[in-house]
Amino acid sequence: MEQRSGLVGYWRRSLQFRTVAITVLVTVAVVGVSGGVLVQRVVDELESARVRSAMAEAAAGRSIARAAAQGSSADATSEEVVTGLVEELSLRAGKPPAFEVVLAPEPGSGNPAASTNLIGPEAIPPELAGEVAATGSQLWLYAPIEYSDGRVQDGIIVGAPVTIRGIGRYQLYHMFSLESVQRTAGIVTSAIVAVGVVLVLALGLLAYFATRRLVRPVQRVAQAADALAAGELDSRLTVRGEDDLAKLASAFNTMAQSLADKIEALEVLSDTQRRFVSDVSHELRTPLTTIRMASDVATERIDPSAADAQRASALLSREIDRFDRLLSDLLEVSRFDAGAAVLETEETDLGILLEEVVGQIGPVAAEKQTPLEVVQPERPCLVDCDPRRVKRVVRNLLVNALEYGGGRTVTLMLECRGADARISVRDRGVGISVDAQERVFERFWRADPSRARTLGGTGLGLAISREDARLHGGDLTLESADPGCSFTLSLPVRD
């Protein structure tokens, strides 16, 4: 499987990284949401408290304004009364002032207005002034406060109607800045962010060390399993403690030992089987030679007029030849299994080699009345190969094609493509089913076991042919054709 690079690939490969990343992301989300809710609740409570305080202060100021107006001297002018009232109310604001005061007359009355130094009547929102005049009650509003020095701050503006005896109706406004609330909210936000960062880092480190402690034993199990799969049958894990990870390591060691025992037993059995096949094949050579000699002597002494004896002698000779080929194939298979098969390579022109094989197979093709088509490139195709083995592969493929081609044309094609030489044998018979194609190179397997073979195969030809091809560094493959099928032998071309 192709491994992805970068962060995505590391995410897919590392369980520890995924666990730590998910823990950090979840913590960030939880801290972010809970911190945001907490900050909003704090701000709401501070603003609510500020509103209550502002309403109480404005109500107190309204009462003071009524009393102050009643107690003013008779000879004081309207402007002096209004200015004195604002100064008295501003004394309640403290230093620095917690609020600003504006005393504005009813529109069109011509009465003087007064306000503290940092504010002016123009700072009163028209919509609030209209509501206060219409309802005649104390009202408040969140609105930006524009100061005379150019500053603009969010604030709470409380307005209420007030009547100053001898002067007329006024609207008294208290303007409370929310700067302290915003400053407090900023401090709370900074504290929550700092605590959140510390919490995220702490949980991230905790997740890292916790998952490291859990994942490292699993990684060691995976490494030991890879080593076991690579053939290191003595790969074992160190068992520490009595927890679940220790049980996992102990179970792995038990499994590894069981596999090693079974593999060793299978290797012993396989070696025994290989020796048996090799020994039996060698031992049968001597009696087979004796039988062949006796058959030849018997054949020479048979009366030519005895037809039944002649047929029996021919049948005996054919079966002896088939037995001889079977012993040869079994010996070759035992060499492959033992790793004793070696190549005797030499520079070979595949075109000439194919001509020699066709010359040997030609009589068989003529007997089966099957046209044999040969296609070769114009230039020589040189490879370093073992000619005996390559001839055996091609001869086996041609024999199979003639056997199952149904008398239709069999094509033998040689191609030199880049670094490969390809020898293809295609028949136009009934073909091989998809299921059978996966097993066609198995030993002693035939697509149709009940089918009679006229050429006396052993069921080992294709298996040996593929081993010969791979011994050269090439391969033998099968492709479906319409009709029939095509076998292709690929060999590396000489550099």
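Everything below is about the structure shown above.
Keep in mind that this is a model prediction, so the values were computed, not measured.

## A few points about the sheet that holds strand β7 (residues 372–375)
Reasoning step 1: Strand order in this open sheet of five strands is β7-β9-β10-β12-β11, and the pairing throughout is mixed. One side of each edge strand has no neighbouring strand; the edge strands of this open sheet are β7 and β11 (475–480). Between one strand axis and the next, the sheet turns by 15 degrees as a mean value, whatever way the strands run.
Reasoning step 2: Sheet topology note: the strand β9 (residues 410–417)/strand β10 (residues 420–427) ladder contains seven bridges and is antiparallel. Within β10, the residue paired with Thr 411 across the bridge is Arg 426.
Reasoning step 3: Each of β11 and β12 (485–492) is contacted by helix α11 (residues 461–471), which is oriented at about 125 degrees to β11, the strand it contacts most.

## Observations concerning the sheet that holds strand β3 (residues 139–146)
Reasoning step 1: A sheet is described by the order of its strands in space; here five strands give the open sequence β2-β1-β5-β4-β3, paired in antiparallel fashion. The two strands at the open ends of the sheet, each matched to only one other strand, are β2 (114–115) and β3.
Reasoning step 2: With ten bridges joining them, strand β4 (residues 152–164) and strand β5 (residues 168–177) adopt antiparallel strand pairing. Each residue of the ladder has a partner; that of Gly 155, found in β5, is Ser 177.
Reasoning step 3: This element, helix α3 (residues 78–90), spans β1 (99–105), β2, β4 and β5 of the sheet and lies at about 160 degrees to β1.
Reasoning step 4: Sheet contacts for helix α4 (residues 126–135): β3, β4 and β5; angle to β3, the most-contacted strand, approximately 155 degrees.

## Observations concerning a positive patch on the surface
Reasoning step 1: There is a patch of like positive charges on the surface, built from Arg 212, Arg 216, Arg 220 and Arg 240.
Reasoning step 2: With respect to the helices and strands, Arg 220 occurs in helix α5 (residues 179–229).

Calculation rules
- Residues numbered from 1 in each chain as written.
- Predicted model: local features only at pLDDT ≥ 70, side-chain atom pairs only at ≥ 80, totals over all residues.
- Heavy atoms only, no water.
- Pairing = 2+ DSSP bridges.
- Helix = DSSP H or I, 4+ residues; strand = E, 2+ residues; numbered from the N terminus.
- Axes fitted to C-alpha atoms, helices over the stretch in contact; angles between N-to-C directions.
- Contact = heavy atoms within 4.5 Å.
- Patch = residues over 30% accessible without salt bridge, like charges linked within 9 Å, V, L, I, M, F, W, Y side chains within 5 Å.
- Areas by Shrake-Rupley, 256 points an atom, 1.4 Å probe, with all protein chains shown as cover.
- Salt bridge = Lys/Arg side-chain N within 4 Å of Asp/Glu carboxyl O.
- Lys, Arg positive; Asp, Glu negative; His and termini not counted.
- Charge placed at Lys NZ, Arg CZ, Asp CG, Glu CD.

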